[in-house]
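Here is what each chain is made of, one letter per residue.
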Amino acid sequence: MTHILHRQIHASLPVAKGGRGVELFDEAGNAYIDACGGAAVSCLGHGHPDVVDALKKQAETLAYAHTSFFTNEPAEQLADRLIAGAPEGISHAYFVSGGSEANEAALKMARQYFVEKGEPQRCRIIARRQSYHGNTLGTLATGGNEWRREPFRPLLIETHHIDPCYAYRYQEAGESEEAYGLRAAQALEDRINALGPDTVMAFVAEPVVGATAGAVPAVSGYFKRIREICDRYGVLLILDEVMCGMGRTGTMHACEQDGIAPDMLTIAKGLGGGYQPIGAVLLGQHIFDAFAEGSGLFQHGHTYICHPMACAAALAVQDVIERDGLLANVREIGAYLRERLEARFGNHAHVGDIRGRGLFLGLELVADRGTKEPFDPARKVHAAVKKEAMKRGLMVYPSGGTIDGTRGDHVLLAPPFIIDRAVADTIVERLGEAVDAATG
């Protein structure tokens, strides 16, 4: 009997006993290729000696110092590293313990920014359906994952949502990619005008939608138009790269591939690679200046912000990625993995779409490839794929409700940056068997 309140109370979970490289091991000695990085977290795999050594040294030096009394070297060094490679205009970092905290902090920064600027009427948030921004009440209200939102709806602040840029489902027959991107972005301008331009404080979006819709990238030109709209109406653009950022798509920040810079960028997961819980908000100089020239503080905080152990781990992870040229490997092996997925599933009767960027790839599962009709939600096909994959020593990240919060299934792949072609081949082989077993 367990005294843990697990995610699934009646589930029987194997006990993880160790990990090395791209594999995790349970207490029975079974090995599993971690093809999803847990939840797009383990970018360096497991047991990397450089990160382990950095943690040992930091624990021997300084484990914790509260930020109302001290700053610390790992946090300062990590901030320097991140800002040096950040999008244009980003000047400061605010460290927290994960993605939900990062997005919650970003929302509060947006609100305080406008209060400091003398525009307190700006309080409305616009985000997108089929998004996920975290599980705190503020981020849950902002996200568009209806299954997660529903039980807590009476507790959630009012937010506003537009359709995602989701070409597989929303691009019309005969419509060009450019035309679709402009139409999808126009929904933001329409909603801003409907709400009142001087009342909207922020638009929040994932450059590549993660767990809720399964590695959905925006079409070319969409985010450039979004940036133009935000600038026109003085709305802050918050890009959530908690899942898709920190090298996962082949560039350090996913928004680099869209040719834009946000006002705030939230990161986590691959920032620390799972070796410590850490996340961050990267904020623009204009936001910092509003605080510095106004109240002189950000009215927010947690006990573990700028945690020395977490920052030391993240710094070591980023050192390894840079030293070993792993972003190049993400691009190379990501392209190879996608080719192998397309060869295996390109004509599969129950795979409607193969999408993503770098080592952040998704399969959308459908009952009928020709009509795009989803499976009956009662079948829980995504969960069946996960179960069948685990039987074959493969971890994948599945989710249901891809289309509207109730219907639709997908499987997400986000393997460590260190995988090679042989591992990619094995992933595709085992995933193929799992999908066939679950959809047959």
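Parameters at a glance
Residues numbered from 1 in each chain as written. Predicted model: local features only at pLDDT ≥ 70, side-chain atom pairs only at ≥ 80, totals over all residues. Heavy atoms only, no water. Helix = DSSP H or I, 4+ residues; strand = E, 2+ residues; numbered from the N terminus. Rg over C-alpha atoms; globule rule 2.2 N^0.38 Å. Buried < 20%, exposed > 50% of the residue type's maximum accessible area, 1.4 Å probe, protein only. Contact = heavy atoms within 4.5 Å. Areas by Shrake-Rupley, 256 points an atom, 1.4 Å probe, with all protein chains shown as cover. Lys, Arg positive; Asp, Glu negative; His and termini not counted. Charge placed at Lys NZ, Arg CZ, Asp CG, Glu CD. Pairing = 2+ DSSP bridges. Axes fitted to C-alpha atoms, helices over the stretch in contact; angles between N-to-C directions. Patch = residues over 30% accessible without salt bridge, like charges linked within 9 Å, V, L, I, M, F, W, Y side chains within 5 Å. Salt bridge = Lys/Arg side-chain N within 4 Å of Asp/Glu carboxyl O. Parallel < 35°, antiparallel > 145°, perpendicular 65-115°, else oblique. Left-handed = near helix turned anticlockwise from the far one by under 90°. Nonpolar A, V, L, I, M, F, W, Y, C, P; charged D, E, K, R; others polar. Phe/Tyr/Trp six-rings, centres within 6.5 Å; stacked < 30°, edge-to-face > 60°. Core = buried A, V, L, I, M, F, W, Y, C linked by side-chain atoms within 4.5 Å. Expected span 1.5 Å × (residues − 1).

Looking at the overall build of the protein chain
Reasoning step 1: Summing up its helical and strand segments, the protein chain has 14 helices and 17 strands in all.
Reasoning step 2: Whereas a compact globule of 440 residues would reach a radius of gyration of roughly 22 Å, the protein chain reaches 21 Å, a difference of no more than 12%.
Reasoning step 3: Considered along the principal axes of its C-alpha atoms, the protein chain spans approximately 60 × 60 × 45 Å.
Reasoning step 4: Within the protein chain, the proportion of its 440 residues that are buried is 54%.
Reasoning step 5: When contacts within the protein chain are restricted to residue pairs at least 6 apart in sequence, long-range pairs at least 24 apart make up 71% of them.
Reasoning step 6: A total accessible area of about 18800 Å² is found for the protein chain, and carbon and sulfur atoms account for 51% of it.
Reasoning step 7: In the protein chain, 43 positive and 55 negative side-chain charges are present, and the distance between their average locations comes to 4 Å.

Brief notes about the sheet that holds strand β4 (residues 90-96)
Reasoning step 1: With mixed pairing, seven strands are arranged side by side in an open sheet as β4-β12-β11-β10-β7-β5-β6. The open sheet is flanked by β4 and β6 (160-162), the only strands paired with a single partner. Neighbouring strand axes in the sheet, compared pairwise and without regard to direction, differ in orientation by 20° on average.
Reasoning step 2: The pairing of β4 with strand β12 (residues 279-284) spans six bridges and is classified as antiparallel. In the strand pairing of β12, Ile-90 is matched with Gly-284.
Reasoning step 3: Its contacts with the sheet place helix α8 (residues 177-195) against β5 (124-128), β6 and β7 (200-205), and it is angled at close to 150° to β6.

Let's talk about the environment of Asp-53
Reasoning step 1: Turning to its location among the elements, Asp-53 is positioned in helix α2 (residues 49-61).
Reasoning step 2: With 260 residues separating them along the chain, Asp-53 and Ala-313 place their C-alpha atoms 9.3 Å apart.

Things to note about the sheet that holds strand β2 (residues 23-26)
Reasoning step 1: In spatial order, the strands read β1-β2-β3-β15; together these four strands make up an open sheet with mixed pairing. On the outer flanks of this sheet lie β1 (16-20) and β15 (394-395), each paired with one strand and no other.
Reasoning step 2: Of the pairings in the sheet, the one linking strand β3 (residues 31-34) to β15 comprises two bridges and is parallel in character. When the bridges of β15 are listed, Ile-33 appears paired with Leu-394.

Looking at a nonpolar patch on the surface
Reasoning step 1: A contiguous nonpolar surface patch, about 290 Å² in accessible area, is contributed by Leu-137, Phe-152 and Leu-155.
Reasoning step 2: Looking at the secondary structure, you find Leu-155 in the loop between α6 (146-149) and β6.

A short note on unusual backbone geometry
Reasoning step 1: Within the chain, Lys-269 stands out as a residue other than glycine whose phi angle is a positive 35°.
Reasoning step 2: Structurally, Lys-269 is set in the loop between β11 (264-267) and β12.
Reasoning step 3: Residue Cys-306 is not a glycine yet carries a positive backbone phi of 60°.

Concerning the packing of helix α12 (residues 326-345) against helix α14 (residues 421-439)
Reasoning step 1: Contact pair α12 / α14: the axes reach a minimum separation of 10 Å and the direction vectors enclose 30°. Regarding the angle of α12 to α14, the classification is roughly parallel. The interaxial crossing formed by α12 with α14 has right-handed handedness. Contacts between α12 and α14 pair Glu-332, Ile-333, Tyr-336, Leu-337, Arg-340, Leu-341, Arg-344 and Phe-345 from the former with Arg-421, Ala-424, Asp-425, Val-428, Leu-431, Gly-432, Glu-433, Val-435 and Asp-436 from the latter.
Reasoning step 2: Of the residues in the contact of α12 with α14, the class split is nine nonpolar, one polar and seven charged.

Quick look at the packing of aromatic side chains
Reasoning step 1: Under the counting rule described, the total for this entry stands at six aromatic pairs.
Reasoning step 2: Pairing Tyr-113 with Phe-114 gives two aromatic rings, centres 5.0 Å apart and planes at 75°, and the pair type is edge-to-face. Comparing Tyr-113 with Phe-114 shows no difference in burial state: the two are buried.
Reasoning step 3: Where Tyr-166 meets Tyr-170, the ring centres are 5.7 Å apart and the plane angle is 85°; that geometry is what we call edge-to-face.
Reasoning step 4: Given the relative accessible area of 1%, Tyr-166 is considered buried.
Reasoning step 5: What makes Tyr-170 partly exposed here is its relative accessible area of 27%.

What about the nonpolar core?
Reasoning step 1: In terms of nonpolar packing, the biggest core is built from 96 residues, with Phe-203, Tyr-222, Val-385 and Leu-431 touching the most fellow members.
Reasoning step 2: If you tally residues by element for this core, the top one is helix α11 (residues 308-323), at ten residues.
Reasoning step 3: Contacts of Leu-431, omitting those with residues within four sequence positions, involve Leu-341, Phe-345, Leu-363, Val-385, Leu-394, Val-396, Val-411 and Leu-413.
Reasoning step 4: Counting residues in each nonpolar core, the second largest holds 25 residues, with Val-96, Phe-114, Ile-125 and Ile-287 among its members.

Some words on α11
Reasoning step 1: For α11, with 16 residues, the first-to-last C-alpha span of 22 Å sits near the 22 Å given by 1.5 Å per residue.
Reasoning step 2: In terms of burial, α11 is a largely internal element, 13 of the 16 residues being buried.
Reasoning step 3: Gly-325 sits one or two positions beyond α11 and adopts a positive phi of about 60°.

A short note on the pattern of salt bridges
Reasoning step 1: All chains considered together, the criterion is met by 27 salt bridges.
Reasoning step 2: Across the pair Arg-122 and Glu-119 runs a salt bridge, and its minimum N-O distance is 2.9 Å.
Reasoning step 3: Using a relative accessible area of 7% as the deciding quantity, one classes Arg-122 as buried.
Reasoning step 4: The exposure class assigned to Glu-119 is partly exposed, which follows from its relative accessible area of 21%.
Reasoning step 5: The partner of Arg-357 in a salt bridge is Asp-258, with the nearest N and O atoms 3.1 Å apart. A residue pair is termed long-range when its members are at least 10 positions apart, and Arg-357 in strand β13 (residues 351-357) and Asp-258 in the loop between β10 (236-240) and β11 qualify at 99 residues. Per residue, the accessibility class of Arg-357 equals that of Asp-258, and both read buried.
Reasoning step 6: Ionic contacts of the salt-bridge type, sharing partners, join the residues Glu-146, Arg-149, Glu-150 and Arg-153 into one network.

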